[in-house]
Amino acid sequence: MTDTALRRADVATVTTPIGPFTTVVDTDGAVLASGWTGDAATLTGLIHATLRPTELRQRDSLGAVTQAVLAYHAGDLTAIDVIPVRQRSGEFLIHAWEVLRKVPAGEPVTYTEFAGLSGRPAATRAAANACARNSAALFVPCHRVLRIGGALGGFRWGLEAKAWLLAHEG
């Protein structure tokens with residue numbers, strides 16, 4: 001694919017208890033970006049340049065992806081686990097995002113623990129960077145990573161949203 005090639009993606013927004021949630025999916029249904037916003041443009045800027053769509057098609061539903069988002073917010077905390085995600089970056093970040101998908105709901109870890117789970121126990125900052133650069137919120141549950149002592153730390157979608165998610169999973 002050349003830089004000028006048209007790359008389409010589908011987008012849908014649903015209402016959740018903590019605000020609108022928008023998901024951008026590739027043509028094969030893999031999540032490229034997602035988060036608690038009604039603005040798809042906010043999300044497309046988070047997508048790696050090699051995956052970033054040039055055209056978004058607004059949909060009422062993204063099928064299994066939308067169903068998983070709604071089911072998760074309604075209490076089925078594992079509904080998001082089977083949804084494919086596609087992110088690109090360096091080797092460590094890709095691995096760290098895969099590790100995040102295995103952190104169980106209701107069992108948050110610290111940034112230090114996350115670094116260890118990712119195979120680089122001394123790389124706490126790199127682990128935090130993986131959370132900060134995650135474009136697929138909820139499906140790659142960076143909200144499950146806390147500071148030592150239980151402080152929330154940061155979250156792109158706001159600390160109120162992170163606190164709600166952790167309470168919902170607890």
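Here the structure is a predicted model, which is why all the values come from computation and not from measurement.

(A) Structural detail: the packing of aromatic side chains. Here the structure, examined in full by the defined rule, presents three aromatic pairs. Taking the centre distance of 6.0 Å and the plane angle of 50° together, the rings of Trp36 and Phe155 count as tilted. Of this pair, Trp36 sits in the loop between strand E3 (31–35) and helix H1 (40–44) while Phe155 sits in the loop between strand E6 (145–146) and helix H6 (159–169), and the two are 119 residues apart along the sequence. On the accessibility criterion, Phe155 (13% relative accessible area) is buried. Taken together, Phe21, Trp36, Phe139 and Phe155 form an aromatic cluster joined through their ring pairs. Stacked on the ring of Phe92, the Lys or Arg Arg120 has its end atom at 4.5 Å from the ring centre.

(B) Just the nonpolar core, in detail. Counting residues in each nonpolar core, the largest one holds 49 residues, and the members touching the most others are Trp36, Leu100, Phe114 and Phe139. The dominant element in this core, judged by the number of residues it contributes, is helix H3 (residues 91–100), at six residues. Filtering out sequence-adjacent residues up to four positions away, Trp36 remains in contact with Thr16, Ile18, Gly19, Pro20, Phe21, His73, Ala137, Leu138, Phe155, Trp157 and Leu165.

(C) Representation of the pattern of salt bridges in the model. Applying the stated rule across the entire model yields seven salt bridges. Across the pair Glu169 and Arg144 runs a salt bridge, and its minimum N-O distance is 2.9 Å. Note that Glu169 is positioned in helix H6 and Arg144 in the loop between helix H5 (124–132) and E6, a separation of 25 residues in sequence. The residues Glu169 and Arg144 share a single accessibility class, namely buried. Each member of the salt-bridge network shares a partner with another, and the members are Arg7, Asp26, Asp28 and Arg86.

(D) Quick look at the environment of Val31. Inspection of the secondary structure puts Val31 in strand E3. Residue Val31 is classed as buried on the basis of its relative accessible area, which comes to 0%. Taking the C-alpha atoms as reference, Val31 lies 8.1 Å from Phe139; in sequence the two are 108 residues apart. In contact with Val31, not counting residues within four places along its chain, are Thr23, Val24, Val25, Val65, Ile83, Pro84, Val85, Arg86, Ala136 and Phe139.

(E) Here's a closer look at the side chain of Thr44. Along the chain, Thr44 turns up in helix H1. In terms of polar contacts, Thr44 uses its side chain to reach the backbone carbonyl oxygen of Ala41, at 3.1 Å. Contacts of Thr44, omitting those with residues within four sequence positions, involve Arg52, Pro53 and Leu56.

(F) Molecular detail of H5. Listing the buried residues of H5 in full gives Ala127, Ala130 and Cys131. The buried residues of H5 occupy an angular sector of 100° when projected down its axis, which confines them to one face. Elements that come into contact with the buried residues of H5 comprise H3, helix H4 (111–117) and E6.

What counts and what doesn't
Residues numbered from 1 in each chain as written. Predicted model: local features only at pLDDT ≥ 70, side-chain atom pairs only at ≥ 80, totals over all residues. Heavy atoms only, no water. Phe/Tyr/Trp six-rings, centres within 6.5 Å; stacked < 30°, edge-to-face > 60°. Helix = DSSP H or I, 4+ residues; strand = E, 2+ residues; numbered from the N terminus. Buried < 20%, exposed > 50% of the residue type's maximum accessible area, 1.4 Å probe, protein only. Lys NZ or Arg CZ within 6 Å of the ring centre and 35° of its normal. Core = buried A, V, L, I, M, F, W, Y, C linked by side-chain atoms within 4.5 Å. Contact = heavy atoms within 4.5 Å. Salt bridge = Lys/Arg side-chain N within 4 Å of Asp/Glu carboxyl O. Polar contact = N/O pair within 3.5 Å; in protein donor to acceptor, adjacent residues only side chain to side chain. Arc of directions from axis to C-beta.

By themselves, these observations are geometric and do not establish any function.
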